[in-house]
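Coordinate analysis (summary)
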Amino acid sequence: MGLEETQGGNAMKLAVVKEVKADERRVALVPETVGRLIAKGLAVAVEAGAGSGAWFPDRDYQQAGATIEPSLEALLGAADVLVKIHAPEQHEIDLMRPGSVVVGLLYPRFNPDLIRRLGEKRITAVALDSMPRTSMAQVMDVLSSQSTAAGYRAVILAARALPKFLPMLMTPAGTIGPARVLVLGAGVAGLQAISMARRLGAVVEAFDVRGAVKEEIESLGARFIDAGITEDAGTSGSYAREVSAESQQKIAAIITDRLSRTDICITTARLPGRRAPVLITAEMVRGMRPGSVIVDLAADQGGNCALTEPGAEVVREGVTIIGPTNAAGEVAVHASQMFSRNVERLLNHLIRDGALRLDLKDELTRSCVITHDGNVLEAVG
Ligand code: NAD
């Protein structure tokens with residue numbers, strides 16, 4: 001069991017900073033959650049303006065009982081636990097105390113240098129992206145909550161770009177047929193996209209390499225596309241693995257066929273720690289109807305469409321291709337609220353009697369604590 005001592009033996013101090021990553025509007029803790037954490041005996045200090053991108057003004061944090069700190073140096077120098085959306089930048093690490101803790105999306109496998117630096121400074125690193133996929137961890141899982149926000153946003157982005165209605169409309173000017181939406185990858189984001197597109201009245205079909213999702217797709221009122229593949233790409237961790245070349249050919253054939261009749265295609269396919277699979281080639285885009293739209297939610301991992309430009313909206317072969325790299329961040333209020341509630345649940349799990357007690361025998365704690373006491377606990381890189 002590891003025990004993080006609070007500075008000076010007073011209430012454990014949480015710090016919330018303004019995210020520095022370009023275009024990031026989310027904040028890791030919102031006033032509602034801060035109020036509950038303070039009621040549990042913690043102290044919370046917030047960098048001035050930290051919530052402004054998500055429309056949470058400093059005065060709301062003050063009303064919740066937090067102190068507003070204009071100086072990052074003072075904030076991080078006094079903090080026991082820094083809670084962030086993204087990994088800390090070097091200037092933030094420099095200001096943190098040895099023995100303190102950082103909680104955020106650290107992606108240790110992609111950031112071995114960062115993990116080494118945190119370990120060397122004896123900062124305990126808690127990676128929110130390393131949460132196990134268990135029912136207990138679900139309420140703390142920011143990847144799921146942010147995928148929910150991204151799936152929702154993808155449909156809104158697509159609807160805005162599509163020069164058509166989504167629902168069927170019966171008007172004096174005649175009947176307009178519903179839009180057809182194809183969702184590739186039916187994990188958390190894909191299922192949310194299906195649900196939203198259905199609510200807007202579209203006819204939806206979806207494909208995933210994990211056969212287990214057929215029922216979930218159908219329960220949302222969409223059609224499951226059977227590509228005729230015999231292997232199931234599901235893994236015990238509920239992630240997908242790469243499928244065989246033969247299956248890939250079958251999938252490509254069915255996607256080509258469906259795309260030619262699709263108005264909106266939303267892609268969400270990811271493989272853990274790998275480049276996202278390319279499911280839509282340039283040739284397939286050429287076969288799509290002019291004016292149709294692709295929203296590629298895997299843009300930040302290389303994209304599911306060969307023509308996606310991460311962070312941009314482009315028109316190629318008459319098709320609008322949108323590659324949001326932070327779709328969840330575009331729904332900053334609710335994405336922050338969900339992130340914050342997830343972190344609160346995790347802190348509730350890690351904190352006992354007002355101090356952070358890391359029970360490294362606990363599966364959940366062990367999965368997301370990457371450095372502790374100067375040691376790197378996970379294989380990274
Ligand atoms: P993800 O973001 O890793 O991937 C998105 C989807 O893309 C997955 O459904 C995957 O099967 C699919 N995919 C991968 N390669 C593909 C390809 N070539 N063609 C088509 N689809 C492809 O997945 P996710 O959204 O994080 O969730 C996956 C599953 O894990 C879901 O069933 C979800 O409910 C479950 N999950 C459980 C927990 C938990 O229990 N705590 C947490 C998160 C997710």
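This text goes with the structure placed above it.
Because the structure is a prediction, the values reported are computed rather than measured. (Residues numbered from 1 in each chain as written. Predicted model: local features only at pLDDT ≥ 70, side-chain atom pairs only at ≥ 80, totals over all residues. Heavy atoms only, no water.)

1. What about the overall build of the chain?
Scanning the chain from terminus to terminus reveals 12 helices and 20 strands. For 381 residues, the compact-globule estimate of 2.2 N^0.38 gives 21 Å, and the chain sits close to it at 22 Å. Expressed along its principal axes, the backbone C-alpha trace of the chain runs to roughly 70 × 50 × 35 Å. Residues classed as buried in the chain amount to 49% of the 381 residues present. Taking the intrachain contacts of the chain between residues at least 6 apart in sequence as the baseline, contacts between residues at least 24 apart amount to 65%. Carbon and sulfur atoms make up 52% of the accessible area of the chain, which totals about 16700 Å². Within the chain, one finds 41 positive and 45 negative side-chain charges whose respective centroids are separated by 4 Å. (Helix = DSSP H or I, 4+ residues; strand = E, 2+ residues; numbered from the N terminus. Rg over C-alpha atoms; globule rule 2.2 N^0.38 Å. Buried < 20%, exposed > 50% of the residue type's maximum accessible area, 1.4 Å probe, protein only. Contact = heavy atoms within 4.5 Å. Areas by Shrake-Rupley, 256 points an atom, 1.4 Å probe, with all protein chains shown as cover. Lys, Arg positive; Asp, Glu negative; His and termini not counted. Charge placed at Lys NZ, Arg CZ, Asp CG, Glu CD.)

2. Quick word on the packing of helix α6 (residues 142-161) against helix α11 (residues 332-350)
In contact at an axis separation of 9 Å, α6 and α11 are set at 165° when each is read in the N-to-C sense. Taken together, the axes of α6 and α11 are roughly antiparallel relative to one another. Handedness of the crossing formed by α6 with α11: right-handed. Side by side, α6 and α11 meet where Val142, Ser145, Gln146, Thr148 and Ala149 of the first sit next to Ala335, Met338, Phe339 and Asn342 of the second. Taken together, the residues that form the contact of α6 with α11 break down as five nonpolar, four polar and no charged. (Axes fitted to C-alpha atoms, helices over the stretch in contact; angles between N-to-C directions. Parallel < 35°, antiparallel > 145°, perpendicular 65-115°, else oblique. Left-handed = near helix turned anticlockwise from the far one by under 90°. Nonpolar A, V, L, I, M, F, W, Y, C, P; charged D, E, K, R; others polar.)

3. Some points on the layout of surface pockets
In this structure, the second largest pocket encloses a volume near 300 Å³. Inspection of the lining of the second largest pocket shows a minimum of three residues originating in each of domain 1 (3-140 + 332-371) and domain 2 (147-330). (1 Å grid on protein atoms, 1.4 Å probe; cavity = no way out; pocket = protein on both sides within 12 Å on 5 of 7 lines; lining within 4 Å. Points joined across faces, edges and corners; volume = space filled by probe spheres on them. Domains from an automatic or database assignment.)

4. Details of the environment of Val102
With respect to the element layout, Val102 can be found in strand β6 (residues 101-105). Put simply, Val102 and Ala125 are 23 residues apart on the chain and 5.2 Å apart in space, counted from C-alpha to C-alpha.

5. Regarding unusual backbone geometry
For Asp23, which is not glycine, the phi dihedral falls at a positive 65°. Among the secondary structure elements, Asp23 is positioned in the loop between β2 (13-16) and α1 (31-39). Judged by relative accessible area, Asp23 falls into the exposed class, the value being 72%. Phi angles above zero are rare outside glycine, and Asp373 is one such case at about 55°. Of the residues examined, Asp373 reaches a relative accessible area of 48% and is grouped as partly exposed.

6. Quick notes on the environment of Leu259
The topology assignment puts Leu259 in helix α9 (residues 245-259). Expressed as a C-alpha distance, the spacing of Leu259 and Arg289, which sit 30 residues apart in the sequence, is 8.3 Å. Residues contacting Leu259, with those up to four places away along its chain left out, are Leu182, Cys265, Ile280, Met284 and Met288.

7. Notes on the pairing of strand β14 (residues 293-296)
Burial along β14 is two-sided: Val293 and Val295 facing one way and Ile294 and Asp296 facing the other are all buried. Both strand β13 (residues 264-267) and β14 contribute to a ladder of four bridges, which runs parallel. Residue Thr267 lies in a different strand from β14, and its bridge partner there is Asp296. Pairing of β14 with strand β16 (residues 319-322) involves three bridges; the strand directions are parallel. Looking at the pairing, Val295 lines up with Ile322 of β16. (Pairing = 2+ DSSP bridges.)

8. Some remarks on the sheet that holds β16
Overall, mixed pairing links the seven strands, which are arranged β12-β11-β10-β13-β14-β16-β15 in an open sheet. Each end of this open sheet is capped by a strand with a single partner; those strands are β12 (223-224) and β15 (313-316). Helix-sheet contacts for α6 involve β13, β14, β15 and β16, and the interaxial angle to β14 is about 155°.

9. Topic: the side chain of Ser247
As for its position among the elements, Ser247 is in helix α9. On the basis of relative accessible area, Ser247 is assigned to the buried category, the value being 6%. Those residues in contact with Ser247 that sit more than four places away from it in its chain are Ile229 and Glu231.

10. Observations regarding the pattern of salt bridges
Taken as a whole and judged by the stated rule, the model has 26 salt bridges. Residue Asp208 is joined to Arg210 by a salt bridge in which the shortest nitrogen-to-oxygen separation is 3.9 Å. You'll find Asp208 and Arg210 in the same group, each marked buried. Note that Glu246 and Lys250 form a salt bridge whose closest N and O atoms lie 3.8 Å from each other. Of this pair, Glu246 and Lys250 both sit in helix α9, four residues apart, roughly one helical turn. For Glu246, a relative accessible area of 53% gives the class exposed. Several salt bridges share partner residues, and in doing so they unite Glu205, Arg223, Asp257, Arg258 and Arg261 into one network. (Salt bridge = Lys/Arg side-chain N within 4 Å of Asp/Glu carboxyl O.)

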